[in-house]
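Understanding the architecture of this molecule
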Amino acid sequence: GAGVSQTPSNKVTEKGKYVELRCDPISGHTALYWYRQSLGQGPEFLIYFQGTGAADDSGLPNDRFFAVRPEGSVSTLKIQRTERGDSAVYLCASSLVAPNTGELFFGEGSRLTVL
Amino acid sequence: QQQVKQSPQSLIVQKGGISIINCAYENTAFDYFPWYQQFPGKGPALLIAIRPDVSEKKEGRFTISFNKSAKQFSLHIMDSQPGDSATYFCAGQAAGNKLTFGGGTRVLVKP
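Attention here is on the structure that accompanies the text.

Quick notes on the rules
Residues numbered from 1 in each chain as written. Chains lettered and ligands numbered in written order. Predicted model: local features only at pLDDT ≥ 70, side-chain atom pairs only at ≥ 80, totals over all residues. Heavy atoms only, no water. Buried < 20%, exposed > 50% of the residue type's maximum accessible area, 1.4 Å probe, protein only. Helix = DSSP H or I, 4+ residues; strand = E, 2+ residues; numbered from the N terminus. Pairing = 2+ DSSP bridges. Contact = heavy atoms within 4.5 Å. Buried area = accessible area lost by both parts, 1.4 Å probe. Salt bridge = Lys/Arg side-chain N within 4 Å of Asp/Glu carboxyl O. Polar contact = N/O pair within 3.5 Å; in protein donor to acceptor, adjacent residues only side chain to side chain. Nonpolar A, V, L, I, M, F, W, Y, C, P; charged D, E, K, R; others polar. Axes fitted to C-alpha atoms, helices over the stretch in contact; angles between N-to-C directions.

This next bit is on the pairing of strand β9 (residues 86-94) of chain B. All names here are of chain B. Judged by how many residues are buried, β9 sits mostly within the fold: eight of nine residues are covered. Looking at chain direction, β9 and strand β10 (residues 99-101) are connected through three bridges and run antiparallel. Residue pairing in the sheet places G92 in a bridge with T100 of β10.

Structure below.
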């Protein structure tokens, strides 16, 4: 595709349920990032993949959050036992290589609402 | 820990006016400072960026001014247009990968 694709665009779930959010990066981009954006705030870093491996997962808030990228392309962010505080827009971004000065290309995000 | 502080939270400017957004950072390891623009329902998109060895960078109507000693940088939008109405985020990046974003500034340009 032309840009970073995220699905679903909207997800409403109940407290305690499990959710998966998918990210399809720009073809050929080796680096993939997940960010979380709460209403009225800037994006917060969650995790970064270089290829298939998680190079930096220091932003994951707790062990309910997990992300995979098994083939080095599509990534899935998994949230177990969702809480109301998990409600946010989850943004995925990709880049050609891990940028020290490079541009991150963001998707439109997946809006998660936990009731 | 908020490593990048951004102000103001919002601003209103008349068409043709100048919009100014300020950021201050704490992490001296940051070596790349991009600004991202975000429209409602969209992801952030890179607008302009600067490295700390440069004091100013201009691209069209957008200018970054950088003060390394004060650990501050700012975005100036000249001749603001209604299409510039968006939320702007400054960010800092240390060697490696992750960006640390400021809290954002919602800009409204009135026609």
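Read on, since the account is not over.
Moving on, we get to the interface of chain B and chain A. Of the residues lining the interface, 21 residues belong to chain B; the matching set on chain A comes to 22 residues. Across the chain B/chain A interface, buried area totals approximately 1600 Å², and carbon plus sulfur atoms make up 49% of it. Our enumeration of links across chain B and chain A arrives at two salt bridges. For E108 of chain A, the salt bridge identified is with K42 of chain B, shortest N-O distance 2.8 Å. One can count six residue pairs in polar contact (both at pLDDT 80 or more) joining chain B with chain A. Those elements that place two or more of their residues in the side of chain B that touches chain A are β4 (30-38), β9 and β10 of chain B. Per element, the largest residue contribution to the side of chain B that touches chain A is four residues, and it comes from β4 of chain B. The residue inventory of the side of chain B that touches chain A, partitioned by class, reads nine nonpolar, eight polar and four charged.

Across all of its chains, the model carries six salt bridges over all chains by this definition. Residues participating in the shared-partner salt-bridge network are R64, E83 and D86 of chain A.

This part takes up the sheet that holds strand β7 (residues 65-68) of chain A. Paired through their backbone hydrogen bonds, the strands of a sheet run either parallel or antiparallel. All names here are of chain A. What the four strands build is an open sheet, ordered β1-β3-β8-β7; its pairing is antiparallel. The outermost strands of the open sheet, each flanked by one partner alone, are β1 (5-7) and β7. Neighbour-to-neighbour, the strand axes of the sheet open up by a mean angle of 15°, direction not taken into account. Relative to strand β8 (residues 75-79), strand β3 (residues 19-24) is paired through five bridges, and the arrangement is antiparallel. Considered in β8, the bridge of R22 is made with T76.

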